[in-house]
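Structural overview for review
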Amino acid sequence: MKLINELKLKLDHSRQDLLNALSKKIQIPINKIKNFEIVKQGIDARKKPNVVYVYNLAVDVDEKYLFKLKKYDDYFPDHKGLEYKKVKSDFRPVVVGFGPSGMFCALALSKAGLCPIVLEQGKDVDSRKKDVEEFWESGVLNEHSNVQFGEGGAGTFSDGKLNTTLNNDYCKKVINEFILNGANEEIFYKNKAHIGTDYLIKIVKNIRKEIINNGGKIIFNSKMTNFDIKNAQITNVQYFDLLSNTYHNLKTNCLILAIGHSAYDTFKLINNKGVKLHKKPFAIGVRIEQPQKIINFAQYGVCKNLYLPSADYKLVCHLKNGRSVFTFCMCPGGKVVASSSEKNTIVTNGMSNFARDEKNANSAILVNVTPDDFKGDVLSGFELQRKYERLAFEIAGGNYNAPCQTVGEFLGKNVSLPIECSYKPNITMCDISKCLPDFVTESLKEALVIFDKKLKGFANDNNLLIAPETRSSCPVQFDRNENYTCTINGLFAIGEGAGYAGGIVSSAVDGIKCAEKIIFKI
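Since the model is a prediction, treat every value here as computed from it, not as a measurement.

**Topic: the packing of aromatic side chains**
Under the counting rule described, the total for this entry stands at 14 aromatic pairs. Measuring from centroid to centroid gives 6.2 Å for W136 and F157, while their planes differ by 90°, and the two rings are edge-to-face. With W136 in helix α3 (residues 125-138) and F157 in the loop between α3 and α4 (169-180), the pair connects residues that are 21 residues apart, well separated along the chain. Judged by relative accessible area, which is 13%, W136 ranks as buried. For the ring pair F451 and F458, a centre distance of 5.7 Å and an interplane angle of 85° mean the geometry is edge-to-face. The residues F451 and F458 share a single accessibility class, namely buried. Chaining the aromatic ring pairs together yields one cluster made of Y264, F267, F382 and F478. When the ring centre of F227 is taken as origin, the NZ or CZ atom of K273, which lies over that ring, is 5.5 Å away.

Following this line, the structure appears as structure tokens:
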């Protein structure tokens, strides 16, 4: 096939219109075009409100017309999932954590015949969904089954964004696996593709079934409590069954830590075992919530169009105080969600379903935090996060309400009538600066003014700031080599919790690459 770039069409075009435009561009009759597929679809809104769709297409034509396509690049479609030759090992690898990195690592290992055992302290996704919904409705938190912990990891209750700076065969394989397991095929070609929480819940179950069908095993409600080392080599893993209150041991020479960025007690265990960790920068901030129609108008020049998706944004600024402020995990047509994993703490995040059809948009606004901001041992970054999460719990009433303030009041203006907030269980209107570091408050105030100039309506007085957002990334990084091995033989660390990924796709890719290192070694 040949790749044809930059085909622009009106918003209300049909597939036939797309075929007509392709035929015209390559100057080949429609009946001589054997097949075409969409490689990429984007939106050009530079001349708003005259917004258009932009396509890259792959095309196959009758052989006698191939000479007309010589100037175009070749395109080789790939819609297959992960594939490996079978290998054998005396021990089954043990994967701790069933988020994107652990899930895709286990999937790759299972396809190679290594029959991994996955330990996940949270519940299966259906049971987990009930726990999350109960927390949102009543404020009853399950510390092992929540937005952070459980099947699918933190990404399951998010927007399911597939944004990544990577563009290689590994990313394509991740996308292909999602589609093969139930995702909408448009994620293969849409710019800024997303899956949505409603689809992710189905997809992670299907991937779990595939791992099991390949000989793998997933043990939910199982929390790793220890691991044994002999002659600098992993020999055994201990876990606690949260349902039966019993301890169990697994013999293995291969332990893969895919623990995410919120398993603080597991990081303490790892540090006490002498595994080398480094402090790394992270970020703290708030969630901002705005009417989606304001964002649509700012980005498209129209508040609503049936042929346009809910608009998103990505903003960044560098302040005179040396701090960077940026938006993160923007959720068009979504909700701000309670994401605590420890009792008496408040953590916020964003979520949206595939349709992105809620009336509000939301995004994190984050301020960079450097190791100079958290003096102490290697785990002191976690303590900084927890300090402000606990403060937020206290100032909002101690009932899992989130501290909330209008943008206008936060910036020292007159009291303004707030928009309706999507956060559950509820919000408490108060001074959010009391649960943020001073440098974060000061940086946010300056950045809000700058961002509103870049995107009109972003910081309207009645938009809401919900605090705090603390879990965008992990405050530590494992010391690992090019084979993904840590300072102990047979110990591997992957994904966001390892400090080497930042999102669903990059975490999944990290897990796959680690699995391939293990497969190759065997």
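Having seen the model, we can carry on.
**With respect to the sheet that holds strand β14 (residues 316-318)**
With mixed pairing, 7 strands are arranged side by side in an open sheet as β14-β15-β18-β13-β21-β19-β20. Edge positions in the open sheet fall to β14 and β20 (427-429), since each of these has one partner strand only. Strand-to-strand twist across the sheet, computed as the mean angle between neighbouring axes with direction ignored, equals 30°. In the sheet, β14 pairs with strand β15 (residues 324-331) via 3 bridges, with the strands oriented antiparallel. Each bridged residue has a counterpart across the sheet, and for H318 the counterpart in β15 is S324. The sheet contacts of helix α7 (residues 292-300) involve β13 (282-291) and β18 (360-369), and relative to β13 the element is tilted by about 95°. Docked against the sheet, helix α10 (residues 438-454) engages β13, β14, β15, β18 and β21 (464-469), running at close to 130° with respect to β18.

**So, the environment of S433**
Structurally, S433 can be placed in the loop between β20 and α10. The class for S433 is partly exposed, based on a relative accessible area of 23%.

**So, unusual backbone geometry**
Here the amide bond leading from K48 into P49 is cis, since omega sits at 5°, within 30 degrees of zero. Looking at the element boundaries, P49 is found in the loop between β2 (33-44) and β3 (52-61). In this model, A467 is joined to P468 through a cis peptide bond whose omega is -10°. Residue placement: P468 occurs in strand β21. At E6, a position not held by glycine, the phi torsion is positive, near 60°. In this structure, E6 sits in strand β1 (residues 2-9). Backbone geometry places C329, a non-glycine residue, at a positive phi of 55°. Looking at the secondary structure, you find C329 in strand β15. Using a relative accessible area of 18% as the deciding quantity, one classes C329 as buried.

Conventions used here
Residues numbered from 1 in each chain as written. Predicted model: local features only at pLDDT ≥ 70, side-chain atom pairs only at ≥ 80, totals over all residues. Heavy atoms only, no water. Phe/Tyr/Trp six-rings, centres within 6.5 Å; stacked < 30°, edge-to-face > 60°. Helix = DSSP H or I, 4+ residues; strand = E, 2+ residues; numbered from the N terminus. Buried < 20%, exposed > 50% of the residue type's maximum accessible area, 1.4 Å probe, protein only. Lys NZ or Arg CZ within 6 Å of the ring centre and 35° of its normal. Pairing = 2+ DSSP bridges. Axes fitted to C-alpha atoms, helices over the stretch in contact; angles between N-to-C directions. Contact = heavy atoms within 4.5 Å.

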